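Structural overview
Here is what each chain is made of, one letter per residue.
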Amino acid sequence: MHELSYALALLETLEKSAAARGIRLVTKVNVRIGEDTFLLADSLEFAFSALAQGRELLAGARLESSFSPGREFRLISYEGEG
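All of these numbers come straight from a predicted model, not from anything done at the bench.

Considering the nonpolar core
Counting 20 residues, the largest nonpolar core has Val26, Val29 and Phe48 as the members making the most contacts within it. Those elements giving two or more residues to this core turn out to be α1 (3-21), β1 (25-34) and α2 (41-52). With five residues, α1 is the single largest residue contributor to this core. Leaving out residues up to four positions away in the same chain, Val29 has contacts with Leu10, Leu14, Phe48, Arg62, Leu63, Glu64, Leu75, Ser77 and Tyr78.

Some points on the environment of Phe46
One can find Phe46 in helix α2. Relative accessible area serves as the criterion here: at 58%, Phe46 is assigned to the exposed category. Sequence separation between Phe46 and Leu63 is 17 residues; the distance between their C-alpha atoms is 9.4 Å.

Quick word on the pattern of salt bridges
Two side chains with opposite charge may pair up if their charged atoms get near one another. Counted by the stated rule, this structure contains five salt bridges. One salt bridge connects Glu64 with Arg62, and the closest N-O pair in it is separated by 3.4 Å. Residue class for Glu64 comes out partly exposed when judged on its relative accessible area of 30%. Salt bridges here are not isolated pairs; linked through shared partners, they connect Lys28, Arg62, Glu64 and Glu79.

What counts, and at which threshold
Residues numbered from 1 in each chain as written. Predicted model: local features only at pLDDT ≥ 70, side-chain atom pairs only at ≥ 80, totals over all residues. Heavy atoms only, no water. Core = buried A, V, L, I, M, F, W, Y, C linked by side-chain atoms within 4.5 Å. Buried < 20%, exposed > 50% of the residue type's maximum accessible area, 1.4 Å probe, protein only. Helix = DSSP H or I, 4+ residues; strand = E, 2+ residues; numbered from the N terminus. Contact = heavy atoms within 4.5 Å. Salt bridge = Lys/Arg side-chain N within 4 Å of Asp/Glu carboxyl O.

Dropping the structure here:
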């Protein structure tokens, strides 16, 4: 399940970015998944939710995924509260 490693990298990126912007709570995260990564959106969402538990910044954050051709995995945007 390589979704776990992608979710962990995403959480770490969000923590750094939110801290730099003074955001204390992330509520929504949008990612773009390349079809050739073979990531499953449901598995990624499950891994994201499981890893976000216990992280005050990300508790309750929703992950929304869209797909595109290719191999990209990109954080498109996130919303939060300062």
